[in-house]
Each structure stands twice: as structure tokens, then as C-alpha cells.
Amino acid sequence: MSSVPGRNFPSPASGVIPAELRETMEKLFRAVDAGSVLETCEAALVHLGLAGTLHWVPSEAEDPSPPPGRMSLAKDPQSLQTLVLDGDPAQLNDVATAELAWLGRLASTRLRQLSETGRLYEAISRLAMAERLQRALYAIADLAGTAHNMSEMMQSLHSIVGMLMYAENFYIFLYDPGTDSVRFPYYVDTADLKPPSPDETYPLQDMRHSLSWNLLQTGQPIMGSVEELARQLEGRFQLVGPACEHWLGVPLLRGSQVVGGIAVQSYRADTHYTRHDRDLLNYVAQHMQTALERREAHAELERRVADRTAALRATNRVLRQQVLQRQRGERLQSALFRIAELASAPESQQNFYAAVHRVVGGLLYARNFYIALLDDSSQTISFPYSIDEKETTRQPRPIGNGATEYVLKHGKPLLADRQTFDRLAEIGECVQSGTPSVCWLGVPLVWDDRVMGVLAVQSYSPKHIYDTRDQELLTFVSYHIANALQRKQTAESLKQAYVNLERRVTERTRALALANRDLREQIAERERVERRLMYETLHDSLTGLPNRTLLLQRLGQALQAYHADPTKLFAVLFIDLDRFKVINDSVGHLIGDDLLFQAGSRIRACLKTRDLVARLGGDEFAVLLEGISDAGKAAVVAERIIAELHVPFRLGIKEIFTSASIGIALPAQHYQQPEELLRDADAAMYRAKDEGRHRAAMFDDRLRREVLSLLEMEGDLRRALTRNEFVPFYQPIVALDDGRTVGYEALLRWRHPDRGLLCPGDFLAVAEENGSAETIDWQIFEQVASQASMLAGADGFVSLNVSGRHFRLPDLDDRLLNLLRAHRVNPRSLRIEVTERTLLENPSQVKRMLDNLRHHGVGIALDDFGTGYSSLSYLHQYPIETLKIDRTFITELASAGSHSVPVVRAIQVLADSLQMQVIAEGIEEEAQRQALRHIGCRFGQGFLFARPQAADFWLGTISTVS
């Protein structure tokens, strides 16, 4: 026998292998392909002293009756060819045939090895390509939801395609069927010196017979060199732009409609695209089209929101202006009424002037105010009333050249600032006397068609500047003030004054009648609006049914009547449509709203006239049944409603099926508020849902006890937080070979003062609902950090479960690291256990925090692996070093024919290849332990080794062992 590395084969007929032949054999097992095997076999023939020709023959062409001198040596499984020797028949004696058979077996063995190696390399290449494609699709999906603009998004899409194939020259074009034009939003080409503008559109007819035009016309991928494309397109091809070495384009489809395309091209002779590149780009293009459509829809939505906001802002501005005008009108009307009152009131002259000042001050800034009157007989101006922050008194003076005289002279208002006074002074019209003001406004007081005085206001501060509106307002008011002054100052013409008064009263009465009629109309309109608002306040806008407010009012009245007379029994029915969210999400909100409207009508049809049905919100309704004799009547009505709602709803062309769950609550003496009855009916409705839906449930003492127990549990949870009743229990993680403890997993327990030790399943759901779960976790984190160093020792670790709620906070990693520093815990002594659902909620933020924790030495473990999505992307995207196999796989390991064994073995092989540690959870039997050891799993935890205990127990055990 001869020794060949790795295998034993029969020796040549001579029994001794020469050194040259042994070297040839070693070359044979170092051959890298079938050609090398052929060359090595030819060298072996020379060493064996045999003449002949070796060549490959297809297996299907192999002759079943070979001619003399032909001998088949070996078969290549990869190319399906046979290595054949054509030699001298005289040389093929028994010894030569045995030696050739021996050589053929060696060649066949090497060819099988090369074939297997090739298949392995091909499988690895396909897996790598699949992973790149998956990452590319993830990246495309992420782009659709990011805040990048369209240019950045296009650059990102270019980079993604560049990950999958050669895409140095890449462009995207979009087709608009409305204008029959094409736009190139993204275009990168190293050879094109005049690329198309991304904002410009080009008529499709101008691009006739171009590659982009052909892609839009055919709707199929196009690939090839310029010559190949010319042959494929048969006269419909015209080269546009620089000539490329190879071109590949795929369409962008919306359903069956071509809306654009993606193209890559190569100007390098050594770079051509393959069918695989074409299929890959065609597949990726559809995902890119989805991302582009989502981004365009988002942009369109933002544009509509902006337009609607602008319209609402303009409407609001108009309304504000109308309100201001209305307020000004009301103030003016009030001022006119007050002036009219002053004219007829028996007030003194000074009180009259002060009242006029107050009226004017209610309309505009009048801190500095005076009234000037002209005395024709003495040609002087007097100031019967003057309030000024600069000039405390104004003495009568002869007519001069001041601003007051200017108004008296011209008989028209004057609105002037310092520049106006300077200009009037230059032409000699007016000279401002006294303290100069920033702005001055004076209007004439006219009666009997004569200017008899001036009403003036002025401002010494730039904060208060009068405008033409103020001038018009003061001018209008001055007429009424002048009338009042005239009546006050013409006592000598009493008779004429009475005549004028009667005339003015008649005019005023007519004006007041008109104003009164307008006011009555406004009051009637306001009452109608108030009634409408009251109706809308107490009714649902969708169904027109009463809302929660009206229901609670009626329910409160019924409860008061019941307390006064317990024989006035009533019932509250709380109705919830089953599976309404599924219906709403599947057929749309419009049909869902129509369903709610018809459901409300059906419920109303099942009741008496005096009964009340209200929509509480969403798919929830409530019914108040008054005047019932017993609980059975309420149950009968509930079953009638359930049966009515079970009949299919015809909504347009769709037939919708739904059902209802109803909770019933009856009044009792302990009910004080209507909300309590509605709450208990709601609780009974949820019991009906728990019992299978499509039924009614009555609120009873058991439900009341459950509700009280829930409230008691919430109170106990809050008290437990203040008393530090939550403690960590630790379960050892052991080496399966020798049972040695390598670490601990921290588990939450509650030392309840009355109910004893509680597991998370007894209270965690309530804690999550009332928002105390995070506080409980941090109490546990604090205790684990204080005990971790003692439990872990030098080489061990403590594993801590962190739920997905905590990863919503952006500083979770910093808080955990600060906690470790505060307790001087080595980060390598701590492991963080997360679930696959946690990785899905906010992947970018979770990855950042896990990377930071891992960078500081904290271990990361993926808990319950195999029960979730089990995606391989988690294992290379996140810094995971440990996989924990869920107990559901471990339980069935010892069972005959269990499917858990191959699953656990696959997880172990996967973890070994990624150099990850595997920990099996829930080991309770020795057979499970042995099965895991046989698979290759080294670590585990479960009741077989120890139950969870407090830290004191394990620290005492450690001290005893040491």
C-alpha cells in the first residue's frame, strides 16, 4: 500500500511508488481546476511509461462501447465531462489498466473536491449578494421616511445602486404623461459635458429613438453595447450623447404604467453588465419607485397643508379686521349715545366738558385734550376745558397765528407733526405755541354753519401718533359734541332751541329705531347661533346623536330621580363595535364613518322614544334606558341591539360585517356621580369582549371587586415605590459541563406586605398601564448596580433585562454608565439583555446606545432568540455577543422526534460562526442538559440548577465556598 496525504489508495502494480510519481500525486491534490488535473495526469502517464492522449469528452457523448485503446479515467461533477485516454491497445495490459484505474480514482477524488469547493464559494457569493441587496432595500425604505430633500435622496439612491454594481455613470428620468415630457431629476455622467438640467423638462418627441425613449415605449429592461442595442432595437435606435461601452436601463413602473427609468452605463472596456445586474437593478428600481412616490406624496401633502394654512391665516386676518371694525363701531355708537345723554342731562358746564373728555378718551388717545371757543365780540379765544401734561393752565388769548386759529380760520381739521408745523411756519400760515408736541390733531366745532370752536388732542410721545382714521373719527364725534355745546350755550334762544331739540329728537328717534331694528336682528341672529352652538356642544358632529356631555346630564338627572325614588329604575348600556379598527384600516375612514352613522341609526331604532343613545367617541356608544322594571328588560334591549348590528351593513358596493359587545350597569345607592355608572358599564363591556365578543355582560359584584382590586393594586404599586419593596432576585447561569456558575440574571420580584413574594406577571401589566414600570426598573437597576461587583467577582457577570420602553429615552446609555460609575462597577461585569422587538422600535437610536454601551465594555445579549423575527441582520448590525435561546425550544429537547433539536443546533452553529456565546434558558431536566451538551451549547440556566434567590442567599453561598 502507498500513503497519499488525506487518503489511502492501492499502489501501482509494481508495489513501489517512484519519487517522480509521488511528486506527481502531490501536484494532483494541489490542482486548482480541471485543466491542472489534466496536465498532472499527463505527467503521471509519462512517469508510468504509458503513451496516449488525454482529453475531455461530454458525459452524454461518452461511447458505451469504446474502441480498443480508449479508457475512461475520471468524471468532473462540475463540468459534467469525462477524462478519456486514447492509447495503444497493446500497452493496456492488466498491470497498466490497474495503474490507470488507480490514477483515475485519484483524479476523480480531486475533481469532486474541486466541485464541492466551487459550490461552496458560489453559495457564499450568493449569500453576500443577498445581504447587500437586503441592506440596499432597507436603505431605500429608510430614505422614504427621512427628512432629506429630493437632491440628497437621489444622491443616496445613486450610492445604494453603487453598492450593488458598477454605477459611476447613473441617471434617473421621470415621465409626465400629462405633458408628454421627460425630466432628469438626477444625472451623473463622467463623459457627458452637457448634462440635462434637473429642473428642465424635455418633450418626449425630441428624444425619439433614444435609449430612454425606447425604455419608456417597451416598458422592459434594455442592456447591451452600442452595437448590440442597434441590433435589438431594429432601426429604432439613435445614439444621444457620448458613445458608451455598455448600457443598462430598467423602467420605473406604477402598476402597469411606465413612469420613468433608471440607467447605468460604462465607458470602460473591461466593465460590462450581466443578466444578474439587469435583474438586480430591475428589482431595486421598483423599490426606488415606491420610495420616490412616497416622497412625492409627502411633498404634495406638505404643499397642501401650507396652502390651507395660508388660506386660514388670511381668513383669520379678515375676521380680526371685521371684529376690530365691529368693536370700533360699538365704541363709537356707545360714545354717541353718551354724548346724546350729556346734551340733555342737567349737568354743569364743567362736568359736561369732563364727560366729553372721557367719551373721546374711550375712542382714541386723549391724555392731552382741550376745547377752545371763539368769542366774536371780543375776537378772543377761551379755553373752558384743558387737560395737558405739559401746560397745566391755558389762559384766554387774542386771535393769533397758532394751530387753533388755523382750524378756526379754515374750518377744517388739522393733523400735523413737527415737520408739518415747520412747513406751515415757513409759509406764514401757522406757528406752534407752547410746548412743541410730536403730533397734534384739531377739528372744528361747527354749529349754525359757523366755526365756533376747536376740539384738540395732542401727543408728546412717539408711541402715540394720530392718523387719518383718528381724524375722521374725531371729526365725526365733534359734530355731536358741537350740537351738545350749542344746546348748552344758547339758553337765550330757548324757543329755537326747543324747536331744534324736537327736530333732533325726531331724527334721533328714527335713527334709534333703525339702530334698534338692527340690534333686534343681531340679537335674533345671536340667539340662533347660540342655539346652534348649544346643539353642536351636546351632539356628535358625525352621527348627529347626543354626545358624552348630554348623556352625562341626562344620566345625572336619572340618578337623582332614582335616589329620590328607588322604583324609578334605569340602565346604562355601553356598546363597542367589534373589529372596527380592522374595518377602518382596511376599507378607509370614509366608509368607517358611514358605518358609525348607520350603526347609530340602528341602535336608535331599537329603543323607545324616551330612551337616549349617545356616541362617546370612536366606535363607542352608550344607551340610557329609563322606566325599566328590572335588569331583564335591559338585557332584552341589549340582545336586540346585538342582533340588529349583526346584520351586514351595505356601504356603497361593499358589504361590511361587524358585531357589538355590550356592558350593562344598573343604578345603586352607592353611585353618586353619573361617570361612575358609565365607568362600570365600560368595565362590563370589556368582560363581554373577554368572553368572546358579540354578547352582553352585566356589571356585578365580581366585576366591582376586580375593579377595586385593580385600583388597590395601583395604590399598592405607588406605595411600594416609596417603601422600596421591589427587589432583584438572581438566577445563576452555569457551565453545562461542570455546573460552575459563570454569571447571574437579575429578575424582578415584589415583596408585597400582604400577598407575599410576587412575580412580574402578577403586577407588571398594571405598572405599565399607570406609568410606574420605568420607575420600578430604575429601582432594580440601582440595587443590581450596588450588588453586581460582589456577585460577579473577578470573571463573572450580572445580566440585566432592559425593556424597549427605556430605549425611547435618548440618554439611556449615559444614565446606565453613570450608574455603574457611581457604584464603581466594572462595565465588563454587566450584560444588557434586549429583545428583538426592542431592536425594531427605533433601530438607529437603539444601535447608537448599544454601540456606546459595548464600547465601554458592557455586554449585549439578545434575549428569547428564535421566538421573534430571528433576522440575521440583527446579528451583524448590532453589537450582540450573546444569544439566549428561549425556553420554548428547550422544553421539547428531550422529547422523541422533537423539532427543537435542529433549531437549537442551527442557532448554535450560527453563533459559533459569528463567535457568539449561547445560553439556553429554562433547563429543568437532566435530559435537556445532556441534549444541549451534545449539540455544543456550553451555558444554560433553569430550575435544574437553581431557582432565583435574593442576593444575600448567593453572597452567603459564595462566602461559604471561599
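Above this note sits the structure.
First things first, this report covers the structure right here in the doc. The structure presented is a predicted model; accordingly, all values stated were derived computationally and were not measured.

**Comments concerning the sheet that holds strand β6 (residues 169–176)**
Reasoning step 1: Pairing is antiparallel in the open sheet, where 6 strands are placed in the order β8-β7-β6-β11-β10-β9. On the outer flanks of this sheet lie β8 (201–203) and β9 (222–224), each paired with one strand and no other. Taken over all neighbouring pairs, the strand axes of this sheet differ in orientation by 25 degrees on average, direction set aside.
Reasoning step 2: Alignment of strand β10 (residues 246–254) against strand β11 (residues 257–266), held across 9 bridges, turns out to be antiparallel. Bridging from a neighbouring strand, leucine 248 pairs with valine 264 of β11.
Reasoning step 3: Strands β9 and β10 of the sheet are contacted by helix α6 (residues 226–233), whose axis makes an angle of about 135 degrees with β9.

**Considering the pattern of salt bridges**
Between side chains of opposite charge, pairing is possible as soon as their charged atoms come close.
Reasoning step 1: One pass over the full model with this rule turns up 29 salt bridges.
Reasoning step 2: Between arginine 70 and aspartate 86 there is a salt bridge, and its shortest N-O distance comes to 2.8 Å. Here arginine 70, found in strand β4 (residues 70–76), pairs with aspartate 86, found in strand β5 (residues 81–87); they are 16 residues apart in sequence, far enough to count as distant.
Reasoning step 3: Linking arginine 679 and aspartate 680 is a salt bridge whose minimum nitrogen-to-oxygen distance equals 3.1 Å.
Reasoning step 4: The class for aspartate 680 is buried, based on a relative accessible area of 3%.
Reasoning step 5: Each of the salt bridges in this network shares a partner with another, and the network as a whole consists of Glu745, Glu833, Lys884 and Glu921.

**Some words on the side chain of serine 266**
Reasoning step 1: Counting through the fold element by element, serine 266 comes out in strand β11.
Reasoning step 2: There is a polar contact of 3.2 Å between the side chain of serine 266 and the backbone nitrogen of arginine 268.
Reasoning step 3: With residues near it in sequence (within four places) discarded, serine 266 still touches Tyr166, Asn169, Cys244, Glu245, His246, Thr271 and Tyr273.

**Details of the packing of aromatic side chains**
Reasoning step 1: Counting across every chain of the model gives 20 aromatic pairs.
Reasoning step 2: Arranged with centres 5.3 Å apart and planes meeting at 35 degrees, the rings of phenylalanine 726 and tryptophan 750 form a pair that is tilted. Placement of the pair is phenylalanine 726 in strand β25 (residues 726–735) and tryptophan 750 in strand β26 (residues 741–752), with a sequence separation of 24 residues. Here phenylalanine 726 matches tryptophan 750 in class, with each residue buried.
Reasoning step 3: Ring centres of tryptophan 778 and phenylalanine 781 lie 5.0 Å apart, and the angle between their planes is 75 degrees; on these two criteria the pair is classed as edge-to-face. Linking tryptophan 778 with phenylalanine 781, this pair stays in helix α20 (residues 773–792), spanning 3 residues, or about one helical turn. By the burial criterion, tryptophan 778 is buried, and phenylalanine 781 matches it.
Reasoning step 4: In this structure an aromatic cluster arises from ring pairing among Tyr171, Phe173, Phe184, Tyr187 and Tyr202.
Reasoning step 5: Positioned over the ring face of phenylalanine 649 is arginine 602, at 3.7 Å from the centre of the ring.

Calculation notes
All chains use their own residue numbering, which begins from 1 and follows the written sequence. With the structure being a predicted model, the display of local features is reserved for residues of pLDDT at least 70 and the display and counting of side-chain atom pairs for 80 or more, all residues being used for whole-chain, interface and lining totals. Hydrogens and water are ignored here; the side-chain numbers use all heavy atoms of the structure. Whether two strands pair depends on DSSP finding at least two bridges between them. In this text, helices come from DSSP runs of H or I with a minimum length of four residues, and strands from runs of E with a minimum of two, each type numbered from the N-terminal end. Orientation is described by lines fitted to C-alpha atoms, with helices fitted over the stretch in contact, and by angles between N-to-C directions that extend from 0 to 180 degrees. The contact criterion used is simple: two residues touch if any of their non-hydrogen atoms lie within 4.5 Å. For salt bridges, the criterion is a side-chain nitrogen of Lys or Arg within 4 Å of an Asp or Glu carboxyl oxygen. Three labels apply to residues, based on accessible area from a 1.4 Å probe with only protein chains included: buried if under 20% of the type maximum, exposed if over 50%, partly exposed otherwise in between. Polar contact is defined as a pair of N or O atoms within 3.5 Å, subject to the rule that within protein one atom must be able to donate a hydrogen and the other to accept it, and that residues adjacent in sequence are counted only when both atoms are side-chain atoms. Put simply, two rings from Phe, Tyr or Trp (the six-membered ring, in Trp's case) pair if the centres are within 6.5 Å, and we call them stacked under 30 degrees between planes, edge-to-face over 60, tilted for the rest. The criterion for a charge sitting over a ring is simple: Lys NZ or Arg CZ within 6 Å of the ring centre, and within 35 degrees of the ring normal.

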